[in-house]
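Here's the letter readout for the chains.
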Amino acid sequence: MSSLVRIYSQVYKSFMSLKRNTFRLADVLIWPMIFLFTLTFFVTYLGSDQIYVNIIILGMMGWRMIYFPNLETVSSFTEEYWSKSLAHLMISPITRLEFAIGAAISGFIKAILVVIIYLVFTSFLYGFYIPDWPTFLLGMFFFAIIGFSMGLVTLGLGYFMKEESFSMAFIWPDIIVLLSGVYFSIESVYPASIVPFIRLLPSTQAFELMKSMFGLGHPDLVILSVGTAVFFLLAYAFNTFMYEKARKEGKLVRLG
Amino acid sequence: MVLAIEVIDVSKKYKSANEIVYALDNVSLKVKEGEIFGLLGPNGAGKTTLISILAGILSNDTGSAKILGLDCVRDSKQLQQKINVVSGFTGAPFTLSCEEALMYYSLLYNVKNAKEKIQEVISATQLGDALKLPVQDFSSGMKQRYLIAKALLNDPKVLILDEPTVGLDVESAINIRDMVRKLRHDGRTILLTTHNMFEAEELCDRIAFINKGRIVDVGTLKELREKIVGKRIIEINCSDPKMVIKLLKGIPNLSLSSPSPKLVHVVVKSYAKMKEILSNLSDAKCEIRGITALEPTLEETYIHIINRSKIEGEKLE
């Protein structure tokens, strides 16, 4: 029970600070819409088939579900660092995992909010709909775990890189966009020799799952499930290793 | 004797360029339950390192550090529920108001009846008027009171105060010191670091001097003073110093001088001579306005002990 309260503390902090932080608010309400319309306007300008608009919209939704938990985990940490209150967090009873889960939940809530806004706008503008809700929700679940795992890795780097890790939170999703074929088919872009390796990435499989709702992707659910679980375990192990190393080398003290 | 803090042979070393630097070198100290214990030393002496180990955010290389019987590194999360830290160098999270920030920490510490507890700590720290204001807009004095309010939320049995009055004006510093006294009165154990000797003298029951990662002396202020003073000075304020000197000359092992037209300084090895001095002064045909035993200040004690440790350290090297 007390663990749940500590997890909730991060959600509380995130949404309380959102009230007075225009930049954080824009991150939820403005930039996702600008990204969405930039891409969908471009595709419709090219006169592309409706299916490509659908892939773009689904890709945006999945990408946001990865992006927010990852970013929120890091920003929850770096904003404490910037406001010189990180020491108070570190000397409190919250564990690393509770902190990361709490921050990631804030990210999930924001991502869900953005997905709902996307659904409303795109259904009105492009007649977009989710053809297979169970598949969609399953895909979103995997995106959330992948985003959370990425957040754990970025947080692990944060113990050493301080605010520099913040830029990592932006770099990660961009690499995912590029490698996982968020808006395109990986077979049509990457050399055939590389494709099998890219298909081993859980994020690639999750986006394949999303595309499969429109008959374009070919997901491998085993790679997706096992890959996501392995990625999460590795991310947690990395975070633990970096934390203990930082605590031993005095890096945590310098953060506070 | 019930111990709140027990540090035994704790060492911590860092690699710096090509050499290994000992931030703490076999440090041992014991803090009794309910006392205010001062940790004094120059910058870089090892105070922050020791506090960081006690707070659970730095692991020691050797030895053991325990608070309330819990290992500060291994049991850090369990321990952090029972202690708290106030540091003059820390801030408040983001743009949260005082009330929101305290609610946030109440959740972190899983405080029962958080709203009532917040009211209680707000009242104790006199922050009632500032409850809705963002903490980042607070003055230094208000910020310190906010930090103390935050540190009281979990009813800590042990409080670590790291330079709690740094950068504060006189009035704010007095308020904070009053609060610290009240905290001790409530039965809490307090570990205080400060560069303000007056503050340490005012508040601490016992003091440890730390230098170059080593505890160089521990004791009550009286004990520490006695260690450095091989002689004591009695100051006599009188109308005729020459006459007083003449009266006291007969007493063996006294050194007499008159630093100003109205004062006589009598240097003795111990206050045992006082009875004889008073007896002789009763024959004085001049006005005796006052007799004062001049004690070295904590500042003088500190400088003496730290300098002595530097010399001993150089000899060892």
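Heads up: the structure comes first, above all this text.
Residues numbered from 1 in each chain as written. Chains lettered and ligands numbered in written order. Predicted model: local features only at pLDDT ≥ 70, side-chain atom pairs only at ≥ 80, totals over all residues. Heavy atoms only, no water.

(A) Expanded view of the overall build of chain A. From N to C terminus, chain A includes 13 helices and zero strands. Taken over C-alpha atoms, the radius of gyration comes to 19 Å for chain A, in line with the 18 Å a tight globule of 256 residues would show. For chain A, the C-alpha atoms occupy an extent of roughly 55 × 40 × 35 Å along the three principal directions. By residue count, 55% of the 256 residues in chain A fall in the buried class. Of all intrachain contacts in chain A linking residues separated by at least 6 positions in sequence, the fraction that spans at least 24 positions is 77%. (Helix = DSSP H or I, 4+ residues; strand = E, 2+ residues; numbered from the N terminus. Rg over C-alpha atoms; globule rule 2.2 N^0.38 Å. Buried < 20%, exposed > 50% of the residue type's maximum accessible area, 1.4 Å probe, protein only. Contact = heavy atoms within 4.5 Å.)

(B) Structural context of the overall build of chain B. On a plain count of helices and strands, chain B comes out with eleven helices and 14 strands. In terms of principal-axis extent, the alpha carbons of chain B reach across some 75 × 50 × 40 Å. Each of the 317 residues in chain B was classed as buried or not, and the buried ones make up 52%. As displayed, chain B offers around 15000 Å² of accessible surface, 50% of which is attributable to carbon and sulfur atoms. Chain B carries 43 positive and 40 negative side-chain charges, and their two centres are separated by 4 Å. (Areas by Shrake-Rupley, 256 points an atom, 1.4 Å probe, with all protein chains shown as cover. Lys, Arg positive; Asp, Glu negative; His and termini not counted. Charge placed at Lys NZ, Arg CZ, Asp CG, Glu CD.)

(C) Layout of a nonpolar patch on the surface. All names here are of chain A. A contiguous nonpolar surface patch, about 720 Å² in accessible area, is contributed by Phe23, Leu25, Leu29, Ile30, Trp31, Ile34, Phe35 and Leu113. Among the secondary structure elements, those contributing two or more residues to the nonpolar patch are helix H2 (22-29) and helix H3 (31-45). As for its position among the elements, tryptophan 31 is in helix H3. Here tryptophan 31 falls in the partly exposed class, since its relative accessible area comes to 37%. (Patch = residues over 30% accessible without salt bridge, like charges linked within 9 Å, V, L, I, M, F, W, Y side chains within 5 Å. Salt bridge = Lys/Arg side-chain N within 4 Å of Asp/Glu carboxyl O.)

(D) Fine view of the environment of serine 83 of chain A. Its place among the elements puts serine 83 of chain A in the loop between helix H4 (50-82) and helix H5 (86-90). For serine 83 of chain A, the side chain forms a polar contact with the main-chain oxygen of glutamate 79 of chain A, separated by 2.8 Å. (Polar contact = N/O pair within 3.5 Å; in protein donor to acceptor, adjacent residues only side chain to side chain.)

(E) Examining H3 of chain A more closely. Residues and elements named next belong to chain A. Taking 1.5 Å of rise per residue, the 15 residues of H3 would be expected to cover 21 Å, and the 21 Å separating its terminal C-alpha atoms lies within 8% of that figure. Along H3, the residues that are buried comprise Pro32, Met33, Leu36, Phe37, Thr40 and Val43. Axial view of H3: buried residues confined to an arc of 135°, hence all on one face. The inward-facing, buried residues of H3 abut H2, H4 and helix H6 (96-126). Of the residues one or two after H3, glycine 47 is the one with positive phi, at around 75°. (Expected span 1.5 Å × (residues − 1). Arc of directions from axis to C-beta.)

Fair warning: the whole summary comes from geometry, so function is off the table for now.
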